[in-house]
Amino acid sequence: MKIVFATNNTHKLSEVRAVLGEGFELVTLREVGITEDIPETGATLDENASIKARYVYERTGLDCFADDTGLEVEALNGAPGVHSARYATDGHDFAANNRKLLRELNGITNRRARFRTVISLIRGGEELQVEGIVRGTIATEESGNEGFGYDPLFIPEGYDHTFADMSADQKNAISHRGRAVAELGKALKED
Ligand code: ITT
């Protein structure tokens, strides 16, 4: 089954490919001729996932899906949340974002956080949303070289090491995106 995944993030693409598995041919934005950044103007993850998926559908008419993900930190009232990509700077500077998060949590003992992924799927013009959540805590220093973004600081519940210390398969088995994509896979297989 051919479907466009509306992302410019190559880490996401390989995670989603691994979870969806055989049977789905993921087509990239570049492959359908969309090279510009899709404006993410929504106030929530749900709105942004929808905006990205609709942008692609309106231009291509193809079945497609988009995800929007945020890290929600309890002691920071849910920040960085929908602003996760541009927390410290205007660009996607993962290292600067992680430094800022550590600064903001300096001296704070409540380190509870969660990653939330919302996926908007548009199929035959009909839109459907699924979600995946993983709870955990923010470490006091970075650890690990795998994954991307906030992975070196996020310790999932029930583990004593970060997502960046895990293999891609281990992260996918328990992660926000892994869970959301598993739901997406079910929805795609249903009809
Ligand atoms: P696209 O919009 O092109 O898909 P993006 O990197 O902007 O890519 P998001 O808006 O969904 O993706 O994610 C916002 C930020 O949240 C992202 O830049 C990372 O810093 C962080 N993030 C997302 N998923 C993550 C994950 O699985 N592990 C760690 N950090 C993640």
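Since the model is a prediction, treat every value here as computed from it, not as a measurement.

Enquirer: What should I look at first to understand the overall build of the protein in this one?
Expert: Helix and strand counts for the protein come out as five helices and six strands. Listed by position from the N terminus, the elements making up the protein come as β-α-β-α-β-α-β-β-β-α-α. The C-alpha radius of gyration of the protein comes to 16 Å, within 12% of the 16 Å expected for a compact globule of 191 residues. If you line up the protein on its principal axes, its C-alpha atoms span 50 × 30 × 25 Å. Residues counted as buried form 47% of the 191 residues belonging to the protein. Restricting the contact set of the protein to residue pairs at least 6 apart, pairs at least 24 apart contribute 55%. For the protein, the distance from the average position of its 22 positive side-chain charges to the average position of its 32 negative side-chain charges is 2 Å.

Enquirer: Before we go on, may I ask you to explain unusual backbone geometry in this structure?
Expert: Trans peptide bonds make up the majority, and among non-glycine residues the majority have a negative phi. A cis geometry characterises the amide bond from A79 onward to P80, with omega recorded as -5°. With respect to the element layout, P80 can be found in the loop between β3 (64-73) and α3 (94-104). The phi dihedral of N77 falls on the positive side, at around 55°, and the residue is not glycine. Examined against the element boundaries, N77 turns out to sit in the loop between β3 and α3. N77 sits in the exposed class, given a relative accessible area of 76%.

Enquirer: What is the right way to look at the site of the ligand in this model?
Expert: Not every one of the 20 residues close to the ligand is listed here, only the nearest: T7, K12, K52, D151 and R177. Interatomic distance of 2.8 Å between a side-chain N/O atom of K52 and an oxygen atom of the ligand. Alone, the ligand offers 610 Å² of accessible surface; in the complex the protein occludes 96% of this. Elements with a contribution of two residues or more to the shell around the ligand: β3 and α5 (176-190).

Enquirer: How should I be thinking about the pairing of β3 in this particular structure?
Expert: Consecutive side chains along a regular strand alternate between the two faces of the sheet. Buried residues dominate β3, accounting for 10 of its 10 residues. The pairing of β3 with strand β4 (residues 112-123) spans 10 bridges and is antiparallel. Bridge pairing links E72 to R114 in β4.

Enquirer: Please clarify how the packing of aromatic side chains should be interpreted in this entry.
Expert: The full count for this structure, using the stated rule, is five aromatic pairs. On the basis of an interplanar angle of 20° and a centroid distance of 6.2 Å, the ring pair of F115 and F163 is categorised as stacked. Residue F115 is located in strand β4, and its partner F163 is located in the loop between β6 (154-156) and α4 (168-174); the two are separated by 48 residues in the primary sequence. Residue F115 is classed as buried on the basis of its relative accessible area, which comes to 5%. Three or more aromatic residues link up through ring pairs in this structure, and these residues are F115, F154 and F163.

The rules behind these values
Residues numbered from 1 in each chain as written. Predicted model: local features only at pLDDT ≥ 70, side-chain atom pairs only at ≥ 80, totals over all residues. Heavy atoms only, no water. Helix = DSSP H or I, 4+ residues; strand = E, 2+ residues; numbered from the N terminus. Rg over C-alpha atoms; globule rule 2.2 N^0.38 Å. Buried < 20%, exposed > 50% of the residue type's maximum accessible area, 1.4 Å probe, protein only. Contact = heavy atoms within 4.5 Å. Lys, Arg positive; Asp, Glu negative; His and termini not counted. Charge placed at Lys NZ, Arg CZ, Asp CG, Glu CD. Near = heavy atom within 4 Å. Polar contact = N/O pair within 3.5 Å; in protein donor to acceptor, adjacent residues only side chain to side chain. Areas by Shrake-Rupley, 256 points an atom, 1.4 Å probe, with all protein chains shown as cover. Pairing = 2+ DSSP bridges. Phe/Tyr/Trp six-rings, centres within 6.5 Å; stacked < 30°, edge-to-face > 60°.

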